[in-house]
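One letter stands for each residue in the lines below.
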Amino acid sequence: MVTHIGAPRRREPATIHINGLSKDYSTPRGTVHAMGTVNLTIHAGEFICVVGTSGCGKSTLLRMIAGFEQPTTGNIKVDTLEVEGPGPERGVVFQDYGLFPWLTVEENVAWGPHQQHLGKSIVKERCEKYINAVGLERFANRYPNELSGGMQQRVSIARVLANEPSVMLMDEPFGALDAMTRSSMQEELVRLHHEIGITVLFVTHSIEEAVKLANRVVVMTGGAAKGIPGHVRGIVDIDLPAERDVTGERFNALKRQISQMVNTEEG
């Protein structure tokens, strides 16, 4: 049973300002223009999904916001703080769970707070709060290899939230899960976002997933393989209630609109 959490004392959700961002890579064959100029504002507390075909720059954009890669031009600010590298105000969840196999669920979730040299009582409080939030209180002393894929991804999310970031960056986090588990995890994430209010940028190949989760969907196209730097083709507002019917007329109209943007060649 998932335990709902109240408004925790944590960093406030942040606005992400992306200004004139581009990314080039040097290769033995010359410079590859991977991503063209991107300007984008993600407002505090928003849930933004980024969709597009492989190689269009979705993950590159996320990795630059995370501080794992440096842009060739432009800059990124989280509120007023310019991104120059990884930071605790930005948590990242990947498709591969990245858990330490020699640590229990509780020890994995406690890792970040321990690295911040927080007191034992604060670490314990945070661990309990976020392990309960993802419904794993009965598994706190289990090791990752004793958990299903969906449960391991819940631990990954709890581990990020235990650092109490203002932004959560998610790169295809449910891509390796079966359809039923993926649907369940999507519902869990919507609930957590509603309760915690964190700013979320979520990269996915699934248009249905994007429409199910997001306030807005950023559509990227192009890519080095097409000879066009990846870029934002458009942004679609998802004017749907929080509880969404994937069989509904408006839901599927939005899916068709985004699919056409992703798959139609640009003139």
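Coordinates for the structure precede this section.
In this report, the structure presented in the accompanying data block is examined.

Calculation criteria
- Residues numbered from 1 in each chain as written.
- Predicted model: local features only at pLDDT ≥ 70, side-chain atom pairs only at ≥ 80, totals over all residues.
- Heavy atoms only, no water.
- Helix = DSSP H or I, 4+ residues; strand = E, 2+ residues; numbered from the N terminus.
- Rg over C-alpha atoms; globule rule 2.2 N^0.38 Å.
- Buried < 20%, exposed > 50% of the residue type's maximum accessible area, 1.4 Å probe, protein only.
- Contact = heavy atoms within 4.5 Å.
- Areas by Shrake-Rupley, 256 points an atom, 1.4 Å probe, with all protein chains shown as cover.
- Lys, Arg positive; Asp, Glu negative; His and termini not counted.
- Charge placed at Lys NZ, Arg CZ, Asp CG, Glu CD.
- Polar contact = N/O pair within 3.5 Å; in protein donor to acceptor, adjacent residues only side chain to side chain.
- Pairing = 2+ DSSP bridges.

**Observations regarding the overall build of the protein**
- Looking only at helices and strands, the protein features 7 helices and 10 strands.
- Its C-alpha atoms give the protein a radius of gyration of 19 Å, near enough to 18 Å, the size a compact globule of 267 residues would have.
- Each of the three principal axes of the protein carries a C-alpha extent, and together these read 55 × 45 × 35 Å.
- Per-residue burial for the protein yields a buried fraction of 52% across its 267 residues.
- Excluding contacts between residues fewer than 6 apart, the proportion of contacts in the protein whose partners are at least 24 apart in sequence is 71%.
- Carbon together with sulfur atoms contributes 51% to the accessible area of the protein, which is approximately 12700 Å² in total.
- Distance from the positive charge centre (27 side chains) to the negative charge centre (31 side chains) of the protein: 2 Å.

**Some thoughts on unusual backbone geometry**
- Although it is not a glycine, E164 sits at a positive phi angle of roughly 50 degrees.
- Structurally, E164 is set in the loop between α4 (149-161) and β7 (167-171).
- Phi at E172 is positive, roughly 50 degrees, even though this residue is not glycine.
- Note that E172 resides in the loop between β7 and α5 (179-196).

**Some words on the environment of R244**
- The residue R244 is located in the loop between β10 (228-237) and α7 (249-263) in this model.
- With 32 residues separating them in the primary sequence, R244 and K212 have C-alpha atoms 6.4 Å apart.
- Leave out the neighbours within four places in its chain, and R244 touches V211, K212, L213, A214, I238 and F251.
- For R244, the side chain forms a polar contact with the main-chain oxygen of V211, separated by 2.7 Å.

**Observations concerning the pairing of strand β1 (residues 16-27)**
- Sheet analysis places β1 next to strand β2 (residues 30-42), joined by 9 bridges and oriented antiparallel. Bridge pairing in β2 links S26 to T31.
- Connecting β1 to the antiparallel partner β2 that follows it, the hairpin turn spans 2 residues.
- As judged from the 5 bridges shared by β1 and strand β4 (residues 73-78), these two strands associate in the antiparallel manner. Across the sheet, the residue bridging to S22 is T73, located in β4.

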